[in-house]
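Structural overview for review
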Amino acid sequence: MGKKVPRIQPLSTPDTGTPTGSEPGHDAETKSSPASKSFSIVGIGASAGGLEALELFLKNVPPDCGLGFVVVHHLDPDQKSLLAGILQHVTDMQVVQITDRMPVEPGRVHVIPPNYDLSILKGRLHLLEPTAHHGIRLPIDSFLRSLADDQEELAVGVILSGMGSDGTLGLRAIKEKSGSVFIQDPASAKFDDMPQSAIGAGLADVVASAEALPRLILDYIQHVPFLIERTAVDLADADQSGLEKVMLILRAQTGHDFSLYKKNTLYRRIERRMGLHQLGKIADYVKYLRENSKEAELLFKELLIGVTSFFRDPEVWEQLKAEVIPVLLSARPSGGIMRAWTVGCSTGEEAYSLAIVFREALERVNPDVHYSLQIFATDLDYDAIDKARAGLYSANIVADVSLSRLNRYFMEDEQGYRVRKEIREMVIFAPQNLVMDAPFTKLDLLTCRNLLIYLDVELQKRILPLFHYSLNPGGCLVLGSSESVGTSTNLFFPLLGKTRLFNRRESVYSEPVVFPSSFSRVRSNLAATLPPWHEVPPVLPNVQAIIEALLFLRFSPAAVLCTERGDITYVSGKTGKYLEPAAGKANMNVFAMAREGLGGALEKAFATASLKESEVTIPGLHVGTNDGIQVVDVTVMRLAEPANLQGMMLVVFSDVAASPIPKDLGGPLDPRTYDLEEELKRSRAELQATREEMQTSEEELKSINEEFQSTNEELQSTNEELTTSKEEMQSMNEELHSVNNELLSKVDELLRSSDDMKNLLNSTNIATLFLDSDLRVRRFTKQAAGIIKLIPVDIGRSITDLVTTMDYVEMEDDARKVLETLVYCERQIAVSDGRWLSVRIMPYRTGDNRIDGLVITFIDISTPKALELTVREALSLLQSRFDKTNADLDASLALEDVLQKAQGVLEARLAAQTIELRQVQEDSLKEKGGKN
């Protein structure tokens, strides 16, 4: 059965991602602008059946298109390639076979030579010796990844006919860098594995026939503003308004708020959708978005490009295995459960990588006690979470996972590789919006890679304290290669090396933790008028702490605690003589606040102490104060202990002499008398003020004491309620454990039953196809794939859309008739290759005797059919011989009758003659007797 080719089909397939895996695609605003690149480069991947598709594609490309084309085809490594010469006959563009360091030029087709891998750097093509001499080679993935890194949003990926899944990972990299992806319609491809793999991964922007793709690519490039007009997003008022309307529509239809994401990233993704629909203004796109509800889902998927792969940035995972995890294990000498959180897990590769690395680190340490790791993996995209839970990945992961890890932690499947059960059980996947939902806490490890680069600075400053709050003391934070903790150096300090690994710092100065419920701007504006209930309440100090603080403030030298960049995190004593707020926007940096005469020397001492990691003292600095000049000794030291202050800088100010005397005393008194009188006046004023404050404080303390008593009673009541709630929670927890154990047992039974059924179906060697009530494919055996063209991604497709080799046009009618009548149907059908099949269609009955589809079996009856034909021929020959024998028998019977009649006549004649002879004898005897 054939299938119609659609004109153009922007897909609504699930995507990966989240906030990271599912955040707007990888449009980091620090990347080079497309203005420095003069044209787009189209990377074309093809394999089996790809030659015809390439000819159709290039035949429809105008020579003056202004695009450069690079063709990567699966070629025989031991044979000379004639591909360039063949393609030259169908296009007016120049077709060349690539040589090393060849530049890509517009209006030219560049063809990969055999037995080489291909890469591109600054527009030049580089040939590489293949590293995989045995097993799976993925030259299309390798080149498309390189093309994405080099050309970013100017990269265009095209996948044509081919077997396998080569190209899918490369297309993901192109989407990550805001490039575009065009796929040949599987219905028009001779081999649809490669197109189906890309479509199933949710990476296709446009799906069309090979001859239609060139026009669609040119239309897209001409209508994407950021490719042809500007180097950065500078939103006008109208565009800003349109962008906000798009975010409102997305929030209304998807429930997710993108208002705190970087505008540059959002706008570029929206422009890509505008280019696909050939819309010039964002106002037109807003109108289109409101009129087409499906477009909101497509745009949402466009923003959730999953940026993930197994063991991405290998040095990060190696440091986790060799350094971080062993330290975390050593902090728990008695064993136990460690907790980790993977934020924005997308389709789960990173979470499973962490589980594998933990297993390997545990084996390397080989402890005597038992350890386990519980990983919470969350993402915004429900479809990505479903894929992650399945733990099934395409064969392309061999490019990222070593052979030893594949053999140990994965099982080979018909559709690729499946993560083994012991690794899957370590990970709990759940949908979560980091901006809106509560975080996981008491964590030993938190990975959040390639998420923060998509969020604006305001949201980053709120999320990092949240991560600090979620981690246990000594916990580790893992960020992406382009991310850092920014100004939150008081919360985290980096580990050695170039990797983005940070340890939680037990800072004496902690930023207020704002929980996700108040992240959005709307809620923040509303909360500005309400009490800050979401902030962590300050702890009330006791009397001893108050006295110690007063003594410390009065008799200890003034000092400030700073980060390595000079940002003040703690102030001790009166520092007003040495530091003052700078004019303009509030700035708590010690260099900006230093008074006259202090700044330059302070910066020098700071740099020396930081470099030498020693104490540096600068004596006799003359600092300008409100009363004149103050001589100060400044000491700067880099702290190594305690561990929670490691790397911080302590600046101590020590006065050398008394404050200078005013130049004009205003009277005949000597300076000493003047000072004493002034000090007496100040003391009397301070005493009076102190008395008034004491009275006020006494009244306040009485009031506070009453409030404390009331609060204490409330706390006692609350404590009793919490105790009751704790007991209830413990009971519920026990019930949940019991239910969980039952569910695990059921899951194991289901897995065993599934394996039994799979082995049963395969061992019978009978092609079997399971359909639902709408005649969509539910399951099939591998034998059925040879009769009806089925691949794993066809599950869910209607049987009427599939191609079959049988001469059975009535199959749909028979199937629907069986559903209506519940009477099975059996036919003998001829196959195009000369075989005969017995096709039996029966209702599918569930355990509760409900009809839920059909079961179709295909039994090869070619041998019985041949025997039947032989028997028929033998019977025909026997019949003809029998008929001839009957004819001969009839003739024999007729002859026998004649002979019998002749015998009767002869017998009558003989009897007559005998009688006559006897008569003659008697007459003769009589005559002789008479004579005698």
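Residues numbered from 1 in each chain as written. Predicted model: local features only at pLDDT ≥ 70, side-chain atom pairs only at ≥ 80, totals over all residues. Heavy atoms only, no water.

Regarding the overall build of the protein chain
When helices and strands are counted, the protein chain shows 24 helices and 30 strands. A separation threshold of at least 6 residues defines the contact pool for the protein chain, and within that pool the share at least 24 residues apart is 66%. As displayed, the protein chain has an accessible area near 50000 Å², and 54% of this comes from carbon and sulfur atoms. (Helix = DSSP H or I, 4+ residues; strand = E, 2+ residues; numbered from the N terminus. Contact = heavy atoms within 4.5 Å. Areas by Shrake-Rupley, 256 points an atom, 1.4 Å probe, with all protein chains shown as cover.)

Observations regarding helix H17 (residues 457-470)
With 14 residues, H17 extends 20 Å between its outermost C-alpha atoms, agreeing within 8% with the 20 Å of an ideal straight helix rising 1.5 Å per residue. What H17 keeps buried is the set Leu459, Gln460, Ile463, Leu464, Pro465, Leu466, Phe467, His468 and Ser470. (Expected span 1.5 Å × (residues − 1). Buried < 20%, exposed > 50% of the residue type's maximum accessible area, 1.4 Å probe, protein only.)

Structural notes on the sheet that holds strand S14 (residues 410-413)
What the three strands build is an open sheet, ordered S13-S15-S14; its pairing is antiparallel. Each edge of the sheet is formed by a strand with only one pairing partner; in this case those strands are strand S13 (392-393) and S14. Pairing of S14 with strand S15 (residues 416-419) involves four bridges; the strand directions are antiparallel. Within the sheet, the bridge partner assigned to Met411 lies in S15 and is Arg418. (Pairing = 2+ DSSP bridges.)

Some points on helix H1 (residues 50-59)
Residues Gly50, Ala53, Leu54, Phe57 and Leu58 constitute the buried set of H1. Looking straight down H1, one finds that the buried residues subtend no more than 125° of arc, so they occupy a single side. (Arc of directions from axis to C-beta.)

Description of unusual backbone geometry
For Arg101, which is not glycine, the phi torsion reads 70° and is therefore positive. Locating Arg101 in the fold gives a position in the loop between strand S3 (94-97) and strand S4 (102-103). For Arg101, a relative accessible area of 46% gives the class partly exposed. Located in the positive-phi region is Glu152, a residue other than glycine, with phi close to 55°. Along the chain, the position of Glu152 falls in the loop between helix H3 (139-151) and strand S8 (155-159).

Digging into the side chain of Asn396
Its location among the elements puts Asn396 in the loop between S13 and helix H15 (403-409). With a relative accessible area of 1%, Asn396 lands in the buried category. Non-local contacts of Asn396, meaning those with residues more than four positions away in its chain, are made with Leu138, Asp141, Ser165, Asp166, Gly167, Thr168 and Leu169.

Observations concerning a nonpolar patch on the surface
A cluster of nonpolar residues, Leu51, Leu82 and Ile86, forms a patch on the protein surface that exposes about 250 Å² of accessible area. Judged by relative accessible area, which is 33%, Ile86 ranks as partly exposed. (Patch = residues over 30% accessible without salt bridge, like charges linked within 9 Å, V, L, I, M, F, W, Y side chains within 5 Å. Salt bridge = Lys/Arg side-chain N within 4 Å of Asp/Glu carboxyl O.)

What about the packing of aromatic side chains?
Tallied over the full model, the rule gives 14 aromatic pairs. On the basis of an interplanar angle of 80° and a centroid distance of 6.2 Å, the ring pair of Phe311 and Trp317 is categorised as edge-to-face. With relative accessibility at 6%, the residue Phe311 sits in the buried group. Considering the side-chain rings of Trp341 and Phe440, the 5.4 Å spacing of their centres and the 65° angle between planes classify their relative orientation as edge-to-face. Residue Trp341 is found in strand S11 (residues 336-343), and its partner Phe440 is found in the loop between strand S16 (427-431) and strand S17 (443-448); the two are separated by 99 residues along the sequence. Residue Trp341 is classed as buried on the basis of its relative accessible area, which comes to 0%. (Phe/Tyr/Trp six-rings, centres within 6.5 Å; stacked < 30°, edge-to-face > 60°.)

Looking at the sheet that holds strand S7 (residues 124-128)
Read across the open sheet, the three strands follow the order S4-S7-S6; overall the sheet is antiparallel. Looking along the sheet, the strands with just one partner apiece sit at the ends: S4 and strand S6 (117-121). Here five bridges tie S6 to S7, and the two strands are oriented antiparallel to one another. If you follow Leu121 over to S7, its bridge partner there is Arg124. Its contacts with the sheet put H3 on S6 and S7, and the angle it makes with S6 is roughly 0°. (Axes fitted to C-alpha atoms, helices over the stretch in contact; angles between N-to-C directions.)

Observations concerning the pattern of salt bridges
Throughout the structure, instances matching the rule amount to 33 salt bridges. One salt bridge connects Lys577 with Asp655, and the closest N-O pair in it is separated by 2.4 Å. In this pair, Lys577 sits in the loop between strand S22 (568-572) and helix H20 (590-593) while Asp655 sits in strand S25 (residues 649-655), placing the two residues 78 residues apart along the sequence. Each of the salt bridges in this network shares a partner with another, and the network as a whole consists of Glu318, Lys321, Glu360, Arg364 and Arg405.

Focus on the nonpolar core
Among the nonpolar cores identified, the biggest contains 45 residues, and Leu446, Phe467 and Leu477 are the most heavily contacted of them. Breaking this core down by element, the ones donating at least two residues are helix H8 (237-254), helix H9 (263-276), helix H10 (282-291), helix H11 (293-303), S11, S17, H17 and strand S18 (471-479). Here the element with the most residues in this core is H8; it accounts for five residues. Beyond its immediate stretch of four places on either side in the chain, Leu477 contacts Leu446, Leu464, Phe467, Leu471, Val485, Phe492, Arg500, Leu501 and Phe502. Judged by nonpolar contacts, the second largest core, of 44 residues, contains Phe310, Tyr352, Leu406 and Tyr417. (Core = buried A, V, L, I, M, F, W, Y, C linked by side-chain atoms within 4.5 Å.)

Overview of the packing of H3 against helix H4 (residues 168-176)
Running from N to C, H3 and H4 cross one another at 10°; their axes reach a closest spacing of 7 Å. Looking at the two axes, H3 sits roughly parallel to H4. Across from Asp141, Leu144, Arg145, Leu147 and Ala148 in H3, the residues of H4 making contact are Thr168, Leu169, Gly170, Leu171, Ala173 and Ile174. Here the contact of H3 with H4 is composed, by residue class, of seven nonpolar, two polar and two charged. (Parallel < 35°, antiparallel > 145°, perpendicular 65-115°, else oblique. Nonpolar A, V, L, I, M, F, W, Y, C, P; charged D, E, K, R; others polar.)

Let's talk about the packing of H9 against H11
Their axes nearest at 10 Å, the elements H9 and H11 cross at an angle of 130°. It follows that H9 is oblique to H11 by the angle criterion. In the crossing of H9 with H11, the sense of the turn from one axis to the other is right-handed. Residues Leu266, Arg269, Ile270, Arg272 and Arg273 of H9 pack against Glu295, Leu298, Leu299, Glu302 and Leu303 of H11. Within the contact of H9 with H11, the residues separate by chemical class into five nonpolar, no polar and five charged. (Left-handed = near helix turned anticlockwise from the far one by under 90°.)

Looking at the pairing of strand S27 (residues 777-780)
Bridge count between strand S26 (residues 767-771) and S27: three bridges; the pairing is antiparallel. Bridge pairing in S27 places Leu771 opposite Val777. Taking the residues that link successive antiparallel strands as the turn, the S26-S27 hairpin has five residues, and the phi of Leu775 there is positive, at about 65°.

Here's the deal with the confidence of the model for the protein chain
Confidence along the protein chain averages 79 in pLDDT terms, with 83% of residues attaining 70 or more. For the stretch residues 227-233, pLDDT sits under 50, and the model shows 17 contacts to residues farther than four places along the chain or on other chains. When the criterion is pLDDT under 50, residues 663-669 qualifies, and its contacts beyond four places in sequence or with other chains add up to three contacts. (pLDDT = per-residue confidence, 0-100.)

Digging into the environment of Lys461
Positionally, Lys461 belongs in helix H17. According to the relative accessible area criterion, Lys461 is partly exposed, its value standing at 45%. Placed 24 residues apart in sequence, Lys461 and Val485 show a C-alpha to C-alpha distance of 8.8 Å.

Things to note about the side chain of Asn503
For Asn503, the location among the structural elements is in strand S20 (residues 501-504). Assessed through its relative accessible area of 16%, Asn503 is described here as buried. Of the polar contacts made by the side chain of Asn503, one reaches the backbone oxygen of Gly474; its length is 3.2 Å. Contacts of Asn503, omitting those with residues within four sequence positions, involve Gly474, Gly475, Cys476, Leu491, Phe492, Phe493 and Leu495. (Polar contact = N/O pair within 3.5 Å; in protein donor to acceptor, adjacent residues only side chain to side chain.)

Brief notes about the pairing of S22
Relative to S22, strand S21 (residues 558-562) runs antiparallel, the two being bridged by four bridges. Bridging across to S22, Val560 finds its partner in Val571. Count of turn residues in the S21/S22 antiparallel hairpin: five residues, of which Gly566 carries a positive phi of about 95°.

A look at the environment of Phe311
Tracing the chain through its elements places Phe311 in the loop between H11 and helix H12 (314-330). In this structure the C-alpha to C-alpha distance between Phe311 and Glu350, which are 39 residues apart in sequence, comes to 6.8 Å.

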